[in-house]
Amino acid sequence: MCLTTRPSGPLAPEHFTIVDADVPTLSRGEVLIRNTWLSIDPSIRLRLSATTPSGYLRPLAPGDPLVGLAIGTVVESRSPGFSAGEMVSHMFGYRSYAVVTADGETLGGTGGLTKITPGNFPPQWYLGPLGSAGLTAYVGLFEVLELKNDDVLWVSAAAGAVGSIAVQLAVLRGNTVVASAGGPEKVEYLRRVLGVSHAIDYRAGDLKTQLTKAVPGGIDAYFDNVGGDHLGAALDHLRPDGRIAMCGAVSTYDTSSPAPGPTNLFQITAKSLQVRGFRAGAYDELYADVRSEVGGYLAKGMMTYQETVFDGLDLAPTALVGMLNGNNTGKTLCRL
């Protein structure tokens with residue numbers, strides 16, 4: 001799947017094309033993988049513009065193939081560490097077959113070629129709750145926010161891949177959790193399935209008013225997946241010494257011009273707030289902890305995980321556009 005033209009506004013399927021290409025002969029150190037699951041993540045949208053944020057990955061040019069996390073099976077290997085038939089994860093998604101170098105590039109520290117032993121879990125969960133989504137939720141809560149048992153926590157985009165794990169981990173640890181998402185069906189999912197204390201439909205009315213009604217005493221911590229007006233609302237509702245984990249800003253990704261930022265940034269100073277951005281790829285050493293805790297909850301039925309699955313590479317453009325428009329619950333995947 002290649003970028004055909006750069007979007008000048010919201011992304012559409014016609015910005016992409018599926019290209020046929022011959023599989024090259026392997027060189028020493030390379031591994032040929034038949035992909036079976038593709039992870040559809042919002043961050044790829046940043047790379048489809050002419051420039052990317054400073055410090056982030058380079059932009060993709062028209063004609064370039066997209067990249068993203070994927071799981072597949074080794075077909076042929078010229079690397080001593082990998083053998084045909086093994087299941088692996090890597091960063092060369094958005095294609096049916098991938099040629100990967102064992103010690104090759106990563107997506108900001110994540111996505112290196114890695115063996116996967118799924119055991120009793122569905123293999124695609126290693127792209128979701130047992131993969132980067134689970135690691136991101138875990139790091140944001142416990143490494144960045146250093147969540148305390150009595151904290152009141154707000155998670156935005158809480159019905160998505162990362163947010164749905166974050167709210168459940170916090171609920172299971174006994175926190176009061178405010179969760180926001182777009183639409184009544186997602187709010188009902190947050191309330192009835194994920195068990196949050198307060199669920200907010202940010203499309204149903206003024207966000208700040210809804211937050212005040214839900215938690216009139218304020219919040220202690222905010223897990224930010226959205227940015228924009230959500231971040232502004234959090235700054236107003238955080239108590240003194242509150243904390244913010246900056247995970248993403250999906251509200252700004254698929255726009256024709258930069259969305260205005262919060263006008264109340266002085267709240268950071270006035271309330272002595274801590275604001276910290278993070279990328280989960282810097283915390284790969286915590287995968288064992290994530291898989292132990294999250295995997296244990298999933299195995300015991302104490303945690304649920306929902307997926308929005310599209311079948312076939314031809315639907316990958318539709319999957320990406322739909323996910324950016326919020327037409328998903330849980331993890332968005334393409335099954336090949």
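Structural data are supplied above this passage.
For clarity, every value in this text was computed on a predicted model and none was experimentally measured.

### A word on the layout of surface pockets
For the second largest pocket, the calculated volume is near 460 Å³. Lining the second largest pocket are 19 residues, with Val19, Ala21, Arg95, Ser96 and Tyr97 sitting closest to its centre. Considering every element that reaches the lining of the second largest pocket, the biggest residue donor is strand β6 (residues 97-101), with three residues. Among the residues forming the lining of the second largest pocket, the class breakdown is 15 nonpolar, one polar and three charged.

### Examining the environment of Gly183
Tracing the backbone shows Gly183 in the loop between β9 (176-181) and α3 (184-193). Look at Gly183 and you get buried, because its relative accessible area is 11%. For the pair Gly183 and Leu46, spaced 137 residues apart in sequence, the C-alpha to C-alpha distance is 25 Å. Gly183 has contacts with Asp201 and Arg203, leaving out every residue within four places of it along the chain.

### Considerations on unusual backbone geometry
One non-glycine residue, Glu146, lies in the positive phi region at around 50°. Residue position: Glu146 is located in the loop between α1 (132-144) and β8 (152-155). Using a relative accessible area of 53% as the deciding quantity, one classes Glu146 as exposed. With a phi close to 50°, Ala157 is a non-glycine residue in the positive phi region. Among the structural elements, Ala157 can be located in the loop between β8 and α2 (161-172).

### Quick look at the packing of α1 against helix α7 (residues 287-299)
A pair of packed helices can be characterised by two numbers: the angle between their axes and the separation between those axes. Contact pair α1 / α7: the axes reach a minimum separation of 10 Å and the direction vectors enclose 95°. Overall, the two elements α1 and α7 adopt an arrangement that is roughly perpendicular. Contact residues: Ser132, Gly134, Leu135 and Tyr138 in α1; Tyr287, Asp289, Val290 and Glu293 in α7. Considering only residue class, the contact of α1 with α7 consists of four nonpolar, two polar and two charged.

Thresholds, definitions, all that
Residues numbered from 1 in each chain as written. Predicted model: local features only at pLDDT ≥ 70, side-chain atom pairs only at ≥ 80, totals over all residues. Heavy atoms only, no water. 1 Å grid on protein atoms, 1.4 Å probe; cavity = no way out; pocket = protein on both sides within 12 Å on 5 of 7 lines; lining within 4 Å. Points joined across faces, edges and corners; volume = space filled by probe spheres on them. Helix = DSSP H or I, 4+ residues; strand = E, 2+ residues; numbered from the N terminus. Nonpolar A, V, L, I, M, F, W, Y, C, P; charged D, E, K, R; others polar. Buried < 20%, exposed > 50% of the residue type's maximum accessible area, 1.4 Å probe, protein only. Contact = heavy atoms within 4.5 Å. Axes fitted to C-alpha atoms, helices over the stretch in contact; angles between N-to-C directions. Parallel < 35°, antiparallel > 145°, perpendicular 65-115°, else oblique.

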